[in-house]
Every structure is written in structure tokens, then in C-alpha cells.
Amino acid sequence: MKIRIKGLEFSYDSIQALKNVTIDIYESEIVAIVGPNGSGKSTLLKCIDRILKPQKGVILINGKDVKNFSQIEIARTVGYVPQSVKQFFPATVFEVVLMGRRPYLGWRCSRRDIEKVFEVLRILDIENIAMRDFNELSGGQQQKVLIARALAQEPEILLLDEPTANLDIKHQLEVMEIIRNIVRENGITAVVAIHDLNLASRYADRIVMMKDGKVFAVGDPNDVLTPTNIEKVYGVKVKVIKLDGRLCVIPLDPLH
Ligand SMILES: Nc1ncnc2c1ncn2[C@@H]1O[C@H](COP(=O)(O)OP(=O)(O)OP(=O)(O)O)[C@@H](O)[C@H]1O
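Source: prediction; values computed, not measured.

Q: Got a minute to help me understand the nonpolar core in this structure?
A: A general tendency of soluble globular proteins is for nonpolar side chains to be buried together. Counting residues in each nonpolar core, the largest one holds 56 residues, and the members touching the most others are Val-97 and Val-145. Every residue in contact with Val-97, bar those within four places of it in the chain, is listed here: Val-117, Val-120, Leu-121, Val-145, Ala-148, Arg-149 and Ala-152. Counting residues in hydrophobic clusters, the runner-up holds 29 residues, among them Ile-3, Phe-10, Ala-17 and Val-191.

Next comes the structure, spelled out in C-alpha cells:
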């Protein structure tokens, strides 16, 4: 078991965002967290990365309570890609990605750090913008840079909050393929909060469907993404079909 989440509760003052969340996540799998706006997906990822401290429950990574991880240990184990970053202090793409090497840096960066940065820039096909100012990039380009920064960390676990939100259809597929390849080749575990149910079913090994801060369903995409579950969770009638072996969720006319 890579991540074990047991009885997790998190509240922002008066808003209870996570209610008794229990999920087991295995090594080398991609888990998609789906659910309506405000259902607790981002809060869950932030609790795993210890950005937020839950009031109740426990999160074990490799069997160890995350509360007992040192800052450097968590940074070497978990790479977190936020939904977006409003504004970095002026920094080039290269510098932003190099920040991902922080858990490994001594007083100065080594040849290995530089090589790793160029390797991930190549993987994400953003070498050509390495010297551009991060703040001047498009939303989609920034998203790829943030993914590169997390990969430069060489984490065992990658947490991604809406990694495809700002991307066009080609780049959505490209980024999800990259995530899948990294998971398969390096045996890492990816937990991805994502709205697009078709992308989730295409790339995730398992789906966690959330509603109002609770886990509504967990399992194989074929078992979780059913018209009944989707209607109960999103309040939308859909048709789910298989096309070339791929699951497709098609919303029906809301008036029917
Ligand atoms: N910083 C905050 N302060 C107070 N309440 C918050 C804060 N962040 C989130 N919330 C609330 O917690 C609940 C869960 O929010 P969260 O961002 O985890 O949902 P989400 O599923 O990621 O939503 P989305 O799909 O819109 O990104 C919501 O009711 C939200 O309003």
C-alpha cells in the first residue's frame, strides 16, 4: 500500500470539506479523484501533501504517518502540482523547474540537478521556453512548467490538481500520456483531481468519486462512472457508451 487514508476529516473554520474519508492507494497506479466543484478534491490532495493538517484521521505513506515526515522527507516523497500559481517572483522556466530540485540541493546545484531539469523540460517538450519568464507564459504553458517542477523532484507520489484544466485537447492528451508513462516506467503513484470524466476513465486505473466531502464510490472506471452514480453525484442525466473500447460519458439534454 502506497497511501492509506483513514477517517480523514478537514474543516476550514465553519465549512467541513472532508468527512470521514477512507481510501487506499496502491503503488504504481493512477487514481483519478472526480466530483463536483467544492466536493473536496483539492483539500484531499493538500492534506496528503501536508499543506493542510486534518483535524481527524490519519494518512500513511509507505506505512508511516505523514505527520512524522520531516519537511525534506515529504518533499522527496511527494510532488504536488497545484491548480495554478497566480504569480511567481520573476523567474525563468529553467529556474522554476530547478526549484523542484530543492530537496536535493546542497549549497549549489550539481551537474545531476541541471541534467534532471533539462531531462524533464525535454519530456514535457518545453525546452524551447526554458529562458522565458514564467509569469509571461500562457496558462497551459505554466501548467506544463509546474508539472515539470514536480517531476524534477523525482517523487514517489505525484499529486496533480486539475493538470489538464488550461490545456487544449492535444495538450490534455499529451500531459495525461506523460503522466501515464512516468507512472509505468518509474513505478510512481499518481493521484489526479480531474473534472473531465472521459479523460479520467481513459487514464485512471481507479476512480474515487466524491460528493459533499465524502467518498461516494471507488473502483474501476467502468463500475464507478455509471449513469446512476453520475446523476446522483452531479445531478445530470448522462448516457455512457463504449466507443472503440473506451468509455464515453455523454450528457443528455438537461430538459429531459
Ligand atoms: N481556503 C478556504 N477557506 C474556506 N473554505 C474553503 C477553502 N478552500 C476550499 N474551501 C471550501 O471547502 C470545500 C471543498 O473545496 P475544494 O477546493 O477542496 O473542492 P474541489 O472539489 O477541489 O472543488 P473544485 O472542483 O471547484 O476545484 C468547498 O466548500 C470550498 O468552498
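Having seen the model, we can carry on.
Q: How should I be thinking about the site of the ligand in this particular structure?
A: Around the ligand, 13 residues are found, and the nearest of them are Asn-37, Gly-38, Lys-41, Ser-42 and Thr-43. A distance of 2.8 Å separates an oxygen atom of the ligand from a polar side-chain atom of Ser-42. Thr-43 has a polar side-chain atom sitting 2.5 Å from an oxygen atom of the ligand. Considering the ligand on its own, with 640 Å² of exposed area, one finds that the protein chains cover 62% of that surface. Contributions of two or more residues to the shell around the ligand are made by strand 2 (15-25) and helix 1 (41-48).

Q: Please clarify how the pairing of strand 10 (residues 214-219) should be interpreted in this entry.
A: Side-chain direction in a regular strand flips from residue to residue, so the side chains alternate between the two faces of the sheet. One ladder, built from 5 bridges, connects strand 9 (residues 206-211) with strand 10; its direction is antiparallel. From the neighbouring strand, Lys-211 faces strand 10, where its bridge partner is Lys-214. Here strand 9 folds back onto strand 10, and the loop between the two strands holds 2 residues, one of which, Asp-212, carries a positive phi near 50°.

Q: Can you walk me through helix 6 (residues 169-186) in this structure?
A: Each α-helix turn comprises 3.6 residues. Residues three or four places apart therefore point the same way. Taking 1.5 Å as the rise per residue, helix 6 with 18 residues should run 26 Å; its terminal C-alpha atoms sit 26 Å apart, in good agreement. What helix 6 keeps buried is the set Gln-172, Glu-174, Val-175, Met-176, Ile-178, Ile-179, Ile-182 and Val-183. Here the buried face of helix 6 lies against strand 3 (30-34), helix 4 (111-123), helix 5 (139-152), strand 7 (157-161), strand 8 (189-193) and helix 7 (197-203). If you check the start of helix 6, you find a side-chain oxygen 3.0 Å away from the backbone N of Lys-170, and it comes from Asp-168. Gly-187 sits one or two residues past helix 6 and shows a positive phi near 65°.

Q: What am I meant to see in the sheet that holds strand 8 here?
A: A sheet is described by the order of its strands in space; here 6 strands give the open sequence 6-7-8-3-9-10, paired in mixed fashion. This sheet does not close on itself; its edge strands, each paired only once, are strand 6 (78-81) and strand 10. On average, each strand axis in the sheet is inclined to that of its neighbour by 15°, with strand direction left out of account. Where strand 6 meets strand 7, 4 bridges bridge the pair, whose relative direction is parallel. Looking at the pairing, Gly-79 lines up with Leu-158 of strand 7. In the packing of helix 5 onto the sheet, the strands contacted are strand 6 and strand 7, and the crossing angle to strand 6 comes to about 175°. Lying on the sheet, helix 9 (residues 227-234) is in contact with strand 3, strand 9 and strand 10; it crosses strand 9 at an angle near 35°.

Q: I would appreciate a short explanation of helix 4 in the present structure.
A: The terminal C-alpha atoms of helix 4 lie 18 Å apart, and with 13 residues this matches the ideal 18 Å at 1.5 Å per residue to within 8%. Every buried residue of helix 4 is listed here: Asp-113, Lys-116, Val-117, Val-120 and Leu-121. Looking down the long axis of helix 4, one finds its buried residues gathered within 135° of arc, a one-sided arrangement. Of the surrounding secondary structure, the elements contacted by the buried residues of helix 4 are helix 3 (93-99) and helix 5.

What counts, and at which threshold
- Residues numbered from 1 in each chain as written.
- Predicted model: local features only at pLDDT ≥ 70, side-chain atom pairs only at ≥ 80, totals over all residues.
- Heavy atoms only, no water.
- Core = buried A, V, L, I, M, F, W, Y, C linked by side-chain atoms within 4.5 Å.
- Buried < 20%, exposed > 50% of the residue type's maximum accessible area, 1.4 Å probe, protein only.
- Contact = heavy atoms within 4.5 Å.
- Near = heavy atom within 4 Å.
- Polar contact = N/O pair within 3.5 Å; in protein donor to acceptor, adjacent residues only side chain to side chain.
- Areas by Shrake-Rupley, 256 points an atom, 1.4 Å probe, with all protein chains shown as cover.
- Helix = DSSP H or I, 4+ residues; strand = E, 2+ residues; numbered from the N terminus.
- Pairing = 2+ DSSP bridges.
- Expected span 1.5 Å × (residues − 1).
- Axes fitted to C-alpha atoms, helices over the stretch in contact; angles between N-to-C directions.
- Arc of directions from axis to C-beta.

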